[in-house]
Amino acid sequence: MSTPVLEAPGRSAKKADGRIGGGLIDPRQMIRSLPDALKKLNPATMWRNPVMFIVEIGAAFTTILAIVDPSWFAWAIVVWLWLTVVFANLAEAVAEGRGKAQAATLRAAKRDTTARRLRSDDHSKWDVVGASELKQGDVVVVEAGETIPGDGDVIDGIASVDESAITGESAPVIRESGGDRSAVTGGTKVLSDKIIIRITQKPGESFVDRMIALVEGANRQKTPNEIALNILLAALTIIFLVATATMQPLAIYSKSVNPGVPDSLALTTDGVSGIVLISLIVCLIPTTIGALLSAIGIAGMDRLVQRNVLAMSGRAVEAAGDVSTLLLDKTGTITLGNRQASEFVPVDGVTERQLAEAAQLSSLADETPEGRSIVVYAKQAYGLRERAPGELAHATWVPFTAQTRMSGVNLDGREVRKGAATAVMKWVRDHGGHPTDEVGHLVDGISASGGTPLVVAEKGRVLGVIHLKDVVKQGMRERFDEMRRMGIRTVMITGDNPLTAKAIADEAGVDDFLAEATPEDKLTLIKQEQQGGRLVAMTGDGTNDAPALAQSDVGVAMNTGTSAAKEAGNMVDLDSNPTKLIEIVAIGKQLLITRGALTTFSIANDVAKYFAIIPAMFAAVYPGLDALNIMRLASPQSAILSAVVFNAIIIVALIPLALRGVRYRPSSASKLLSRNLYLYGLGGVIVPFIGIKLIDLLIHFVPGMS
Amino acid sequence: MSSSAAGLLFIGSLLVALALCYRPLGDYMFRVYTGAGHSRIELMLYRLVGVRPDGEQRWGVYARSVLAFSAVSILFLYGLQRVQNHLFLSLGMKPVEPALAWNTAVSFVTNTNWQAYSGEAAMGHVVQTAGLAVQNFVSAAVGMAVAIALVRGLARGRSGTLGNFWVDLVRGTVRILLPIAFVAALVLVAGGAIQTFGDHFTWATLTGGEQTFTPAAAASQEAIKDLGTNGGGIFNANSAHPFENPTSWTNWVTIFLLLVIATSLPRTFGRMVGDDRQGYAIVSVMAIIAIISIGLTNWAELSASGTVPQAIGQAMEGRESRFGVSNSGMFASATTLTSTGSVNSFHDSYTALGGGMLIFNMLLGEVAPGGVGAGLYGILILAVITVFVAGLMVGRTPEYLGKKIGPREIKLASLYFLVTPVLVLIGTAVAMATAAGRSAMLNTGPHGLSEILYAYTSASNNNGSAFAGVSANTTFHNVTLGLCMIFGRFLPIVLVLALTGSLAGQAPVPASAGTLPTHRPQFVGLLVGVTVILVALTFLPALALGPLAEGLL
């Protein structure tokens, strides 16, 4: 089974240069979300968004005014004010709509499961109960073909489990009791064997339940930055309300001292008309960001879900943007999981090519990743064709075992072996050979530099040494440089000795490393960093990572990990890919930048709106003010309507940006600010001048506009 | 020398002098507010008030101290005016009317120095020196104390306290304001300002009439009036009066005095937060706004059109011939850019756009460089708001000087920013909507509207200057302007101190490449932009019906 989690378009949006993009939105999605947007007009839900609530009140009030004193102009304003509110709701509805589809698929996965609960007194007997009745500590048995009824730990047995319902990954995974692969998730399916599971979840709080709530945004709580921004927007709204309301006595006075000027649609002896006043308020209060703010937050979470990361709270996503120290496990994050052959060092007059050939031959039957890497290296560096084991007749293969710690081949009387230094040297001596000191020095040298030496020998003599070393993943150095530019310090965590750790740290380009790290060391390091005011992010999967995960500000647990680890972290990576931490940081930053950019844009827009509306209201009384009509708008009515229309349309135009997030390329704060200021600050000043003028060119033909 | 060259020399030499004072005075104030020792006089004062000078205060206590001190000051000043006929050296003045006494008391305690009275006709020597002059010192010291407390909040980490108000008040008065004012008074006396406690004297004028003059301790009052950005002149004509501001060079000294502390405080700020560059950034913001404003005002005044100005070559109405157009414009800009409000020319006579600039200067919230202390805390609050929006745009929880700007901080900063615009706009609207309010206007039409807008802008921003046309001594205006002054002063102070409390309690976040730098030209430009654009957006409707309607013909 595959879920939209996997298929979401955003998964392909990650570009190679580290930029964070996002999913595109389908215009049909907007139309589908329209009914939801209309439902949200209910004032009981609307008041949660103070800026748009004021627009709604204004729209209702102008409707009454238009009914009492109808005109083309009045009704046009009424329609566009209502559209402004609807567009804002649409933004939120579209953002939520994307999660709803995912939630539906997840719900299907958890429906109608029954469980075989073992009796506490007698584990050989069970009762069949509904999955929803299971409590923490219950023990259940699950066999091949059955669905696991709830989250828990395997306490007995081993089984392959299909977790595609959660992760979207179709390859089955192994789950066994003990160790770090013991956690199972409710809703996944056992494919083979039988396991006994102790349930660790509370009823109704399973991983799938939380995931559903998350993608639906059901209990989405506002994050600190979002609250702070809301306060600023509320303050701006109050200022503009006061500025507009207090204008009225001034307008009345100005009209009264110019008794010769006839009443206009905008200004009469009673002051500025209600419709124009409300139009001005709506244009000035930060509707653009007010309309898009919650959609930005929902979409930010959604971008994480698209990358198969579940954040347990929005706060964690935001904290990711603030992280200044990243703790990365060496294995699997910085280096490829296994060591690889990087050099053949021959001894005693053997040529490199001879050694390479022997090394390749002896490794053909070695299916371990190290063995494969030797064959690959021999081919790449010496052009030795890989031979299938069946290709060589008469060959007797000696596979690698943990007991012999060697692999090799007996071919036409030739015996070749390769393996751990001590094992192979012993084999050579047993066959009458006398390895020279040179071999010993080589082996020690490679060990000291952090590599693993493997010795290659023929019966009776050593041919040379293979240098296996950790291979730093491609592009890691560039990514760490990038992090440094973003002001993030990377610390590599490894169990290796300090010497080895340093060698790899230097090669990968991390800022610091923690060698021979114990879980306590990790915890201490995190506390130290936090003491200095830094926010720390890390990944982890084992039970012994749990304290560090809980202590860190952003703790990403691997889905393959133990339930203790998943419980302790505030994010779960369903792909169990530790490198993703870097992307999570980028998404957190992108979320904040999108909010800041649209706020700036929204405020900058006001400049042009003033230039449209002030002359429209007052040029009749003070003709000098027509100098402010620099857009040369056709008439007061068309000027005011154009500003209102622009104000509404810009919301729809920016929905894709709000959902996708603004483009983010890791760089220093200064550069980011310059770029965003030009784009959204300066752009925010200029765009509405052009937009309002264009709209005016269109609508001044509409009746009632001149 | 042509008049515009003389004007440039005047302004240029002022800028150089202020730049030269920036470091020494800023460093001196840094030592005053961070030093440990107490002088004997100071210890005596602490014993008198009954405070332990080494006890630090939390923000609530600090704020209560400010409010208590100011409340007592208002009551004392009110009482003094009401009983002045019983005091010696009263020059036979009658007790001041209740509404006017309230207005004046509030005005001087809030560092506004709005004067609805005429000094030589209403106040005797005791009220002038023991009442008004004392407030000129301490109201300025209060502003500086609050600014220093805010800076401590930014500089300290995980601290519950922000210093001791009484120590800051006493040190600001005794170690900064008194010595400078003393020297300045001597300089002004040398320039021809009078200093006497004598009685009225009368003389015959050229036309054979008789003129009576009320003498005063003008030089000393003048010095602190400007140094403490107070602005309350001892004479009604304020700095246009030849006994207060006799010559063109005393005019220069006066302007220098009213700018010098406010422009040097950013240095003190930079020293206290341990990064001089932060101080340079803030003073640059102040300087950029001020220079642009001065330039525009001068441009509006020098290019004045109209029959009379063209006939005599200059717009000289309402200006002293001793000073001329340019130096008057400089004084007017300086007095409105700081919260001084003293005048050497009559702003009502300025061109529509020139007068509009003066209103705009005050609407900026008095931050370029603003009143002593008040200007610094005003611009720092704007920096907090700027950092918030800009900080989001770099993808981090915004922080200023390592302190996170979260919901609580932005709430307090936003409320701070709301106070004065709301007071100005509602005050103006109420005055324009009521006959009692409108009756004070000298002119009608947009110019009359500007007079009222100017009055409420001046009071709410604690400036104190007036568009001279408005007749402010009515019960309506005395009461409403008094309310504007008191709310415009103390609401922001309480909000600043509350913000300080929450900043001081935070552990600072170390700066990294991901932190928004707040010392670079980029941030300076941004802060200038935010300051100007927020104010312009807030007040454009009101300005459109006043100065703009009159000026754009």
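Higher on the page you've got the structure.
Note that the structure is predicted; figures quoted are calculated from it, not measured.

S.K.: Teacher, can you tell me more about the sheet that holds strand 22 (residues 536-540) of chain A here?
M.R.: Strand pairs in the sheet, formed through backbone hydrogen bonds, run parallel or antiparallel to each other. Residues and elements named next belong to chain A. Taken together, seven strands build an open sheet; the order of strands is 12-24-23-22-13-20-21 and the sheet is mixed. Each edge of the open sheet carries a strand with a single partner, namely strand 12 (309-311) and strand 21 (512-514). Strand-to-strand twist across the sheet, computed as the mean angle between neighbouring axes with direction ignored, equals 20 degrees. Relative to strand 24 (residues 571-573), strand 23 (residues 554-558) runs parallel, the two being bridged by three bridges. Bridge pairing links Met558 to Asp573 in strand 24. Contacts from helix 18 (residues 498-508) reach strand 20 (489-493) and strand 21, with the element oriented near 150 degrees to strand 21.

S.K.: Is there a simple way to think about the environment of Thr63 of chain A in this case?
M.R.: All names here are of chain A. Positionally, Thr63 belongs in helix 4 (residues 50-68). Along the sequence, Thr63 and Leu468 sit 405 residues apart, while their C-alpha atoms lie 78 Å from each other. Excluding residues within four positions of it along the chain, Thr63 makes contact with Trp75, Val78 and Trp82.

S.K.: Even after reading the chapter, I still don't get the pattern of salt bridges, so can you show me in this structure?
M.R.: Between side chains of opposite charge, pairing is possible as soon as their charged atoms come close. Residues and elements named next belong to chain A. Under the criterion given, the structure shown has 41 salt bridges over all chains. Between Lys39 and Asp36 there is a salt bridge, with the nearest N and O atoms lying 3.5 Å from each other. Of the two residues, Lys39 and Asp36 both sit in helix 2 (residues 27-39), three residues apart, roughly one turn of that helix. Take Lys39: its relative accessible area is 61%, and that puts it in the exposed class. Each of Arg489, Asp512, Glu529 and Arg534 takes part in one network of salt bridges that share partners.

S.K.: Looking at this model, I keep getting lost on the side chain of Thr250 of chain B. Mind explaining?
M.R.: All names here are of chain B. In this structure, Thr250 sits in helix 9 (residues 248-272). With relative accessibility at 0%, the residue Thr250 sits in the buried group. Residues within four places of Thr250 in sequence aside, it is in contact with Leu188, Gly191 and Asn245.

S.K.: Whenever I open this one, helix 18 (residues 475-504) of chain B confuses me. Can you help?
M.R.: An α-helix turns once every 3.6 residues. As a result, residues three or four positions apart point the same way. Its 30 residues give helix 18 of chain B an end-to-end C-alpha distance of 43 Å, which sits within 8% of 44 Å, the value for a rise of 1.5 Å per residue. Of all the 30 residues making up helix 18 of chain B, 23 are buried; the element is thus mostly covered by neighbouring parts of the structure.

S.K.: Sorry if this is basic, but what is going on with the interface of chain B and chain A here?
M.R.: Note: interface size is frequently given as the accessible area lost on complex formation between the parts. Taken together, the contact between chain B and chain A spans 58 residues of the former and 58 residues of the latter. In total, about 4,900 Å² of surface goes out of reach between chain B and chain A, with carbon and sulfur atoms giving 75% of it. By the criterion of area lost to chain A, the three top residues of chain B are Met393, Leu537 and Leu545 of chain B, representing 15% of everything that side buries. Counting across the interface, chain B meets chain A through 14 residue pairs in polar contact (both at pLDDT 80 or more). Counting residues per element, the ones that place at least two in the side of chain B that touches chain A are helix 14 (374-393), helix 15 (407-433), helix 17 (445-460) and helix 19 (521-551) of chain B. Looking at the side of chain B that touches chain A element by element, the count peaks at 13 residues for helix 15 of chain B. Of the residues belonging to the side of chain B that touches chain A, the class tally is 39 nonpolar, 13 polar and six charged.

Cut-off values and rules
Residues numbered from 1 in each chain as written. Chains lettered and ligands numbered in written order. Predicted model: local features only at pLDDT ≥ 70, side-chain atom pairs only at ≥ 80, totals over all residues. Heavy atoms only, no water. Pairing = 2+ DSSP bridges. Helix = DSSP H or I, 4+ residues; strand = E, 2+ residues; numbered from the N terminus. Axes fitted to C-alpha atoms, helices over the stretch in contact; angles between N-to-C directions. Contact = heavy atoms within 4.5 Å. Salt bridge = Lys/Arg side-chain N within 4 Å of Asp/Glu carboxyl O. Buried < 20%, exposed > 50% of the residue type's maximum accessible area, 1.4 Å probe, protein only. Expected span 1.5 Å × (residues − 1). Buried area = accessible area lost by both parts, 1.4 Å probe. Polar contact = N/O pair within 3.5 Å; in protein donor to acceptor, adjacent residues only side chain to side chain. Nonpolar A, V, L, I, M, F, W, Y, C, P; charged D, E, K, R; others polar.

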